[in-house]
Amino acid sequence: MILPLLVLVIAFSYVPLFGWVYAFFKYKPGIPLSETPFAGLEYFRLLFGANSEIGKVLINTLVMSFLNILSSPLPIVFAILLSELRGRRLKKFVQTVTTVPYFISWIIVFSLVFSIFSFEGIFNTLLTQLGWIKNPVNVLGNPDTAWYVQTAIVIWKNTGWSAIIYFAAIAGLDSQLFDAAKIDGAGRFRCIWHVTLPGLMPTFIVLLLLNVSNMLSNGFDQFFVFYNPLVADKLEVLDYYIYRVAFHGNDYPFATAVGMWKTLISIVLLFAVNQLAKKFRGQSII
């Protein structure tokens, strides 16, 4: 049963690694690699040169990842609050409604957000009619709030889905622990604080460490659809930068070098986080 998945992983994750060879040649589309001049480490020197944009791009990437890590406790809070609901139908309804956004494509998400926050959207229209603002607010074109707007969209899209893991962890907690806490006089809040949260911490730590090891990968789709000239300096993360350099600038070797550098740093982070997990938990992640 696992064989088709292994084939897909090999085909899409390992076979493309042969393309790393283009980072060492002055490749131009249409010219065979055998006829392409050898560049050595030229593109890696450009990557860390004085005129490189990688510093700004790296800051955007790390800030967006850091904001996502700061919001990582929200699925725990949501899962606990939802598990405390008494009505079973209401619980299923809320869980379904909050999980659906995860399956909506980023193109549709952008269309929804644009229709709400554009100059003629519901947000500006309502605030103008209430007299709270005189001129429409450009929410999607404000570089000062671009990071926070994108983080809020990610929270809305992923919180319900991420909470599923914690729902499963809560369901796996020993009910005798709750009974013992109630016998000792603990109320609902004390049961959450002394039983539920400690039971969820191992799961949270593993997911947190995995997020840390994946800090250089913010995804591409979100920033591709929300990218515009007004917020370009804030939303250009590594994944989008590689795309822009390769397909807008036709600089495939340099884009490949950036992708190689990002992959190698991510591997180093993964093994560093694995060592931290082994040290603090007594058990490694990989």
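Look up: the structure comes first, before these words.
Tallied over the entire structure, the rule returns one cavity of 30 Å³ or more. Taken as a whole, the largest cavity holds about 30 Å³ of empty space. Forming the boundary of the largest cavity are Val139, Leu140, Ala146, Val149, Gln150, Val231 and Leu235. Considering each element in turn, the lining of the largest cavity owes the most residues, three residues, to helix 8 (residues 146-171). Grouping the constituent residues of the lining of the largest cavity by class yields six nonpolar, one polar and no charged.

Quick look at the environment of Lys157 now. Along the polypeptide, Lys157 turns up in helix 8. Looking at Lys157, the relative accessible area reads 5%, which means it is buried. Sequence spacing of Lys157 and Thr99 is 58 residues, and the spatial spacing of their C-alpha atoms is 7.9 Å. When near neighbours in sequence (up to four residues on either side) are disregarded, Lys157 contacts Pro101, Tyr102, Ile104, Trp106 and Val109.

This structure, assessed with the given rule, holds 22 aromatic pairs. Consider the rings of Phe117 and Phe123, whose centres lie 5.2 Å apart with planes at 55°: the pair is tilted. Judged by relative accessible area, which is 29%, Phe123 ranks as partly exposed. Aromatic side chains Tyr243 and Phe247 sit 5.5 Å apart centroid to centroid with 40° between the ring planes, which places their arrangement in the tilted category. Of the two residues, Tyr243 and Phe247 both sit in helix 13 (residues 238-248), four residues apart, roughly one turn of that helix. Pairwise contacts between aromatic rings join Tyr22, Tyr27, Phe220, Phe224, Tyr227, Tyr240, Tyr243, Phe247 and Tyr252 into one cluster. Geometry around Tyr102 places Lys157 over its ring, the cationic atom sitting 5.6 Å from the centre.

Calculation rules
- Residues numbered from 1 in each chain as written.
- Predicted model: local features only at pLDDT ≥ 70, side-chain atom pairs only at ≥ 80, totals over all residues.
- Heavy atoms only, no water.
- 1 Å grid on protein atoms, 1.4 Å probe; cavity = no way out; pocket = protein on both sides within 12 Å on 5 of 7 lines; lining within 4 Å.
- Points joined across faces, edges and corners; volume = space filled by probe spheres on them.
- Helix = DSSP H or I, 4+ residues; strand = E, 2+ residues; numbered from the N terminus.
- Nonpolar A, V, L, I, M, F, W, Y, C, P; charged D, E, K, R; others polar.
- Buried < 20%, exposed > 50% of the residue type's maximum accessible area, 1.4 Å probe, protein only.
- Contact = heavy atoms within 4.5 Å.
- Phe/Tyr/Trp six-rings, centres within 6.5 Å; stacked < 30°, edge-to-face > 60°.
- Lys NZ or Arg CZ within 6 Å of the ring centre and 35° of its normal.

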